[in-house]
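Letter by letter, the chains look like this.
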Amino acid sequence: MSSAMGVDKECTETYNEMKTGHKHKYIQFKINDDHKSIVVEKSVGCDKNAPLEGESKLWDAFVSELIPDEPKYFVYDLHFQSKEAGEREKIIFIAWVPDAAKIKIKMLMASSKGDFKKKLQGIHCEVSIISTYTPTCDV
């Protein structure tokens, strides 16, 4: 199912700053109040020189953004240690659609996700979170 929802150009501009310059650790997107487009709600800066050990704290700060009844999209620049390849980074797309959200917004999120994700070239994986458990990140 495809949605006719628009995507504000700031979404792709901010995402490209993350992808090419690692300017943002994560970007929070929302469907605007009139339900006609996806917009950037917030972006959190990235310290390119931060040690890998700080990744868990950054993840915890990100998780605190998951409000139990407010669906959002996020992209997160995850840095981790791979046994085979050393320090790595991947951009992940996260759809936060909690069970407590209103049905209409859940349907809008489901119908707009595919088209929105296509505009964000270079996503390495997608994660959908629907419950209020606390996701953890062990790096």
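Computed from a prediction, not measured in an experiment: that's the story for all the values here.

Asks: Whenever I open this one, the overall build of the protein chain confuses me. Can you help?
Replies: Counting its regular elements, the protein chain contains three helices and six strands. When the helices and strands of the protein chain are placed in sequence order, the string is β-α-β-β-α-β-β-α-β. Relative to its full complement of 139 residues, the protein chain shows a buried share of 40%. The contacts of the protein chain with a sequence gap of at least 6 include a subset with a gap of at least 24, amounting to 63%. Of the roughly 7900 Å² that the protein chain leaves accessible, carbon and sulfur atoms contribute 51%.

Asks: Please clarify how the sheet that holds strand S4 (residues 72–82) should be interpreted in this entry.
Replies: Strand pairs in the sheet, formed through backbone hydrogen bonds, run parallel or antiparallel to each other. Across the sheet, which stays open at both edges, the six strands sit in the order S1-S3-S2-S4-S5-S6 with mixed pairing between neighbours. Of all strands in the sheet, those bounded by a partner on one side alone are strand S1 (6–7) and strand S6 (125–129). In terms of strand pairing, strand S2 (residues 24–31) meets strand S3 (residues 37–45) through seven bridges, oriented antiparallel. Bridge pairing links lysine 30 to valine 39 in S3. Along the sheet face, helix H2 (residues 55–63) touches S2, S4 and strand S5 (86–96) and points at about 165° away from the line of S4. On the sheet, helix H3 (residues 103–119) packs against S1, S2, S3, S4, S5 and S6 and is oriented at approximately 55° with respect to S4.

Asks: Sorry if this is basic, but what is going on with the environment of isoleucine 38 here?
Replies: With respect to the secondary-structure elements, isoleucine 38 resides in strand S3. Remark: the alpha-carbon pair of isoleucine 38 and serine 112, spanning 74 residues in sequence, is separated by 8.7 Å. Apart from the residues lying within four places of it in its own chain, the contact partners of isoleucine 38 are Met5, Gly6, Val7, Asp8, Cys11, Phe29, Lys30, Ile31, Tyr73, Ser112 and Phe116.

Asks: How should the pattern of salt bridges be read in this particular structure?
Replies: Opposite charge on two side chains permits them to pair, given that their charged atoms come into close proximity. Per the stated rule, a full pass over the model turns up nine salt bridges. Put simply, glutamate 17 and lysine 23 hold a salt bridge, and the shortest N to O gap is 4.0 Å. Since its relative accessible area comes to 32%, glutamate 17 is described here as partly exposed. Residue lysine 23 is classed as partly exposed on the basis of its relative accessible area, which comes to 48%. We note a salt bridge from lysine 113 to glutamate 126, for which the minimum N-O separation is 2.7 Å. Taken together, the residues span a long stretch of sequence, with lysine 113 in helix H3 and glutamate 126 in strand S6 at a distance of 13 residues. The network of salt bridges with shared partners includes Lys30, Asp33, Glu41, Glu70 and Lys72.

Asks: Before we go on, may I ask you to explain the nonpolar core in this structure?
Replies: Soluble globular proteins: nonpolar side chains tend toward being buried together. Counting residues in hydrophobic clusters, the biggest one holds 22 residues, and the most contacted among them are Tyr15, Phe29, Ile38, Tyr73, Val75, Phe93 and Phe116. Element by element, the count of residues in this core is highest for H3, at four residues.

What counts, and where the lines are drawn
- Every chain is numbered on its own, with residues counted from 1 as its sequence reads.
- Local features in this predicted model are restricted to residues of pLDDT 70 or higher, and side-chain atom pairs are both shown and tallied only at a pLDDT of 80 or more, whereas totals for entire chains, interfaces and linings draw on every residue.
- As a rule here, side-chain values cover all heavy atoms of the structure and leave hydrogens and water aside.
- In DSSP terms, a helix is any run of H or I states spanning at least four residues, a strand is any run of E spanning at least two, and both are numbered starting from the N terminus.
- Each residue is assigned to one of three classes by its accessible area relative to the maximum for its type, calculated with a 1.4 Å probe on protein chains only: buried under 20%, partly exposed between the two thresholds, exposed over 50%.
- Any two residues whose heavy atoms approach within 4.5 Å are treated as being in contact.
- Accessibility throughout is a Shrake-Rupley quantity obtained with a 1.4 Å probe, and a residue counts as covered only by protein chains that appear here.
- Note on pairing: DSSP must find at least two bridges between two strands before they are called paired.
- For every element, the axis is a line fit to its C-alpha atoms; helices are fit only across the contacting stretch, and the angle between N-to-C directions ranges from 0 to 180 degrees.
- Any carboxyl oxygen of Asp or Glu that lies within 4 Å of a side-chain nitrogen of Lys or Arg is treated as forming a salt bridge with it.
- The criterion is simple. A nonpolar core is a set of buried Ala, Val, Leu, Ile, Met, Phe, Trp, Tyr and Cys residues joined through side-chain atoms within 4.5 Å.

Keep in mind these values describe shape, not function.
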